[in-house]
Amino acid sequence: MRKLCEFLKKNNATIIVISFVLLAVYAICMATPTAYLRYYGNLDTFYQPIQGLNDAFIFLAIGGIVLGLLYNLFRNNIRKIFYISNFVWFGLFLALDLATVIVVIAGVAKYQGLYGGLDFAAINSYFESTGLPYRVNPNTPVFLLGYLTAVVILLNGCATGLILFDQLKNRKAMLEAIANDTVEEVK
């Protein structure tokens, strides 16, 4: 357990940045299955909610990347005893991580519901009748990828929580050791 905590503590910034970059890539690619629908007609009722979700995913990804880059700046990766600033960083990150997981799962579910509500037979027959070489697939892996991205971010939050728990345990042990020592021994 100790080696795992040390590994996570040392490499958490990289893990955070990679997981939130995955979210950014997902946000950029999530509308790919619906790209051909722009040739079908006016689907503003479909695209407007998806655009809001997409923007939210991008903003959360940027926030996660920034906090990931701040991890080493606050020296979270090498401190033996954390200061208040370290605990503030952990609180901010864990709150962002949890919010991201909730928004991504809810957003992907909403997107999946909107996508599932499309009339694929009518859309594909329209493309065939107009001679356009497009076809919209009702079964796309984009939703599974969104849920997997949320799981990766959740696991990242769990790993960060484990680091925080380990540091709190170390801090408590250090404070107890200091309290049990006499003034002469501390000097």
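Residues numbered from 1 in each chain as written. Predicted model: local features only at pLDDT ≥ 70, side-chain atom pairs only at ≥ 80, totals over all residues. Heavy atoms only, no water.

### Focus: unusual backbone geometry
Using the following cut-off: Using a 1.4 Å probe on the protein chains alone, a residue whose accessible area is under 20% of its type maximum counts as buried, one over 50% counts as exposed, and one in between counts as partly exposed.
For Arg75, which is not glycine, the phi dihedral falls at a positive 60°. With a relative accessible area of 42%, Arg75 lands in the partly exposed category.

### What to know about the packing of aromatic side chains
This is how it is decided: Each Phe, Tyr or Trp ring (for Trp, its six-membered ring) is paired with any other whose centre lies within 6.5 Å, and the angle between the two planes then decides the class: stacked below 30 degrees, edge-to-face above 60, tilted in between.
Summed over all chains, the structure comprises 19 aromatic pairs. On the basis of an interplanar angle of 75° and a centroid distance of 5.3 Å, the ring pair of Phe46 and Tyr47 is categorised as edge-to-face. According to the relative accessible area criterion, Phe46 is buried, its value standing at 4%. Cluster of aromatic residues (ring-pair linked, three or more members): Phe20, Tyr71, Phe82, Phe87, Trp89, Phe90 and Phe93.

### Notes on the packing of helix H3 (residues 84–116) against helix H5 (residues 142–180)
The cut-off we apply is this: A fitted line through C-alpha atoms serves as each axis, taken over the contacting stretch for helices, and the angle formed by two N-to-C directions is quoted from 0 to 180°. Helix and strand definitions here come from DSSP, where helices need a minimum of 4 consecutive H or I residues and strands a minimum of 2 consecutive E residues; each element is numbered from the N-terminal end. Here is the rule for angles: anything less than 35 degrees is roughly parallel, anything more than 145 is roughly antiparallel, 65 through 115 is roughly perpendicular, and the remaining ranges are oblique. Helix crossings fall into two classes, left-handed where the near helix is turned counterclockwise from the far one by less than a right angle and right-handed where it is turned clockwise. As a working rule, the residues Ala, Val, Leu, Ile, Met, Phe, Trp, Tyr, Cys and Pro are called nonpolar, Asp, Glu, Lys and Arg charged, and the rest polar, with Gly in that last group.
Contact pair H3 / H5: the axes reach a minimum separation of 9 Å and the direction vectors enclose 165°. On the basis of the axis angle, H3 is roughly antiparallel to H5. H3 and H5 meet at a crossing whose hand is left-handed. Each residue belonging to the contact of H3 with H5 can be placed in one class, and the counts come to 21 nonpolar, seven polar and two charged.

### A few points about a nonpolar patch on the surface
Where we set the bar: Any residue with relative accessible area above 30% and no salt bridge may belong to a patch, with like charges joined within 9 Å and the nonpolar Val, Leu, Ile, Met, Phe, Trp and Tyr side chains within 5 Å. Accessible areas in this description were obtained via Shrake-Rupley with a 1.4 Å probe; residue shielding takes into account the shown protein chains only. Every case where a carboxyl oxygen of Asp or Glu lies within 4 Å of a side-chain nitrogen of Lys or Arg is listed as a salt bridge.
Together, Met1, Leu4, Phe7 and Ile15 give the surface a local cluster of nonpolar side chains, amounting to about 410 Å² of exposed area. Relative to the helices and strands, Leu4 resides in helix H1 (residues 2–29). On the basis of relative accessible area, Leu4 is assigned to the partly exposed category, the value being 43%.

### Focus on the packing of H1 against H5
As a packed pair, H1 and H5 sit with axes 9 Å apart at the nearest point and diverge in direction by 155°. Considered as vectors, H1 and H5 are oriented roughly antiparallel to each other. Both H1 and H5 take part in a crossing whose hand is left-handed. The class makeup of the residues in the contact of H1 with H5 is 18 nonpolar, eight polar and three charged.

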